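# Results of the structural survey
Here's the letter readout for the chains.
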Amino acid sequence: MYLDYLGLREHPFSVTTDPAFLYLSRRHREALSHMMYGIRERKGFIEITGEIGTGKTTLCKALLRQLEDTTRTALILHSGLSELQLLQAVIQDFGLDPMRGNRFGLFNELNRFLIEQATLGNNIVLIIDEAQNLSLRVLEQIRMLSNLETDKQKLVQIVLVGQPQLRDKLDRPSLRQLQQRIGVRYHILPLDGEEVRTYIEHRLEIAGSDGSLAFTGEAFEEIYRCSNGIPRLMNLVCDRALLACYVLRTKLVDRALIQRSYQELMGQVPLSTSEPVKV
Ligand SMILES: Nc1ncnc2c1ncn2[C@@H]1O[C@H](COP(=O)(O)OP(=O)(O)OP(=O)(O)O)[C@@H](O)[C@H]1O
Ligand SMILES: [Mg+2]
């Protein structure tokens, strides 16, 4: 709605995980390096945690783009799966037939695939997002998948990605075997104040801004203050602020506009979007 008025080609602050908008903060870069290292060095399990909205799913997708052609990957984004459903999802994502019978049959099928890929010199990676929601039984099954190995090397690297509760879950005595197999760990922290500014400028640039829309220094400070540097919150506040710009006929985002947008988001004042818009 506001794109033309603000000189933008597309929405800069959508809450989807479009990799075209990827911004690598120091923490995001480090998280990616840890994943790449764990995969290349075949460390078995890799654990990536971060608070809600810090960019974990975005990073999973970025990882897929960075891996070499000799790496075969499966990315599981839904965590409420049973043991059988998880196996089916993994097998399907590797491009195999998921209807090959029961768990035992699927396990064998996966094993055959892994050995075949290893013979071809390929590395296999299984990325499981939202892993904090996996049941203990499914986590135990994932541990069993990691047991598939030749005499020389692990056949599959498993990246578990999730909110901080994932760590607590893996701390449970019944999952100690899995926990001890984690070779690489990284916790993603939110952006710092300077990164908040460059993140926003980066997104505006990718969205094709013609430069007519501007944020004041105080607006950046305010965004940092109310979002604590969490990208999803920043996107929500900024998206609302741009809508307010359109409504108020301004192209300058200042501290007051951010405060107002944040309060609207939190439901503290009526939505300005419900006011009639003069065009
Ligand atoms: N490094 C980044 N570059 C660009 N955008 C990002 C980055 N990190 C997060 N975002 C944006 O922030 C929003 C939330 O990101 P994402 O969904 O990846 O977070 P998450 O950690 O997976 O959240 P949840 O804990 O709810 O699963 C998305 O709109 C995404 O585009
Ligand atoms: Mg996510």
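None of the values given here were measured: they were computed from a predicted structure.

## Describing the overall build of the protein chain
For the protein chain, the helix and strand inventory stands at 12 helices and 7 strands. With the C-alpha coordinates aligned to their principal axes, the bounding extent of the protein chain is approximately 70 × 35 × 35 Å. Classification of the 279 residues of the protein chain by burial places 46% in the buried group. When the accessible surface of the protein chain is totalled, it reaches about 13,500 Å², and 49% of it is carbon and sulfur. Charge separation in the protein chain, taken as the distance between the mean sites of 34 positive and 34 negative side-chain charges, equals 4 Å.

## Quick word on the site of ligand 1
Neighbouring ligand 1 are 22 residues; Thr16, Tyr23, Lys56, Thr58 and Arg203 lie closest to it. Within the contact set of ligand 1, an oxygen atom lies 3.3 Å away from a backbone nitrogen or oxygen of Thr54. The side chain of Thr57 places a nitrogen or oxygen atom 2.9 Å from an oxygen atom of ligand 1. Summarising the interface, the protein chains cover 95% of the accessible area of ligand 1, which totals 630 Å² for the free molecule.

## Considering the domain arrangement of the protein chain
Split into domains, the protein chain comes out as domain 1 (3–14 + 191–267) and domain 2 (26–188). Centre-to-centre separation of domain 1 and domain 2, based on C-alpha positions: 35 Å. Each partner contributes to the interface: domain 1 provides 5 residues, whereas domain 2 provides 6 residues. When the area that domain 1 buries against domain 2 is broken down by residue, the three leading residues are Glu195, Ile230 and Arg232, summing to 66%.

## Focus: the sheet that holds strand E3 (residues 123–128)
Strand order in the open sheet made by the 5 strands is E2-E3-E4-E1-E5, with parallel pairing throughout. Each edge of the open sheet is held by one strand with a lone partner, namely strand E2 (71–76) and strand E5 (182–188). Looking at each pair of strands side by side, their axes are set apart by 15 degrees on average, direction ignored. Pairing of E3 with strand E4 (residues 156–162) involves 5 bridges; the strand directions are parallel. For Leu126, the partnering residue across the bridge sits in E4 and is Ile158. Running over the sheet, helix H4 (residues 83–93) touches E2 and E3 and is turned about 140 degrees from E2.

## As for the side chain of Arg27
When you line up the elements, Arg27 lands in helix H2 (residues 26–40). For the buried Arg27, no salt bridge exists, and the shortest N-O distance to an oppositely charged side chain is 4.6 Å, to Glu195. Excluding anything up to four places from it in sequence, Arg27 contacts Tyr186, Ile188, Leu189 and Pro190.

## Quick look at the pattern of salt bridges
Applying the stated criterion to the full structure yields 17 salt bridges. Between Glu47 and Arg185 there is a salt bridge; the shortest N-O distance is 3.5 Å. Residue Glu47 is found in strand E1 (residues 45–50), and its partner Arg185 is found in strand E5; the two are separated by 138 residues along the sequence. Glu222 serves as the salt-bridge partner of Arg225, at 2.7 Å between the closest nitrogen and oxygen. With a gap of 3 residues between them, Arg225 and Glu222 both fall in helix H10 (residues 217–227), about one helical turn apart.

## Description of the side chain of Asn235
Structurally, Asn235 is set in helix H11 (residues 231–248). A polar side-chain atom of Asn235 sits 3.0 Å from the main-chain carbonyl oxygen of Ser14. In contact with Asn235, other than residues within four places in its own chain, are Phe13, Ser14, Val15, Tyr199 and Arg203.

## Quick notes on the environment of Arg172
Tracing the sequence through the fold places Arg172 in the loop between helix H7 (165–170) and helix H8 (176–179). Note on Arg172: relative accessible area 39%, which makes it partly exposed. Residues Arg172 and Leu136, 36 residues apart in the sequence, show an inter-C-alpha distance of 9.4 Å.

Each value, and the rule that gives it
Residues numbered from 1 in each chain as written. Chains lettered and ligands numbered in written order. Predicted model: local features only at pLDDT ≥ 70, side-chain atom pairs only at ≥ 80, totals over all residues. Heavy atoms only, no water. Helix = DSSP H or I, 4+ residues; strand = E, 2+ residues; numbered from the N terminus. Buried < 20%, exposed > 50% of the residue type's maximum accessible area, 1.4 Å probe, protein only. Areas by Shrake-Rupley, 256 points an atom, 1.4 Å probe, with all protein chains shown as cover. Lys, Arg positive; Asp, Glu negative; His and termini not counted. Charge placed at Lys NZ, Arg CZ, Asp CG, Glu CD. Near = heavy atom within 4 Å. Polar contact = N/O pair within 3.5 Å; in protein donor to acceptor, adjacent residues only side chain to side chain. Domains from an automatic or database assignment. Contact = heavy atoms within 4.5 Å. Buried area = accessible area lost by both parts, 1.4 Å probe. Pairing = 2+ DSSP bridges. Axes fitted to C-alpha atoms, helices over the stretch in contact; angles between N-to-C directions. Salt bridge = Lys/Arg side-chain N within 4 Å of Asp/Glu carboxyl O.

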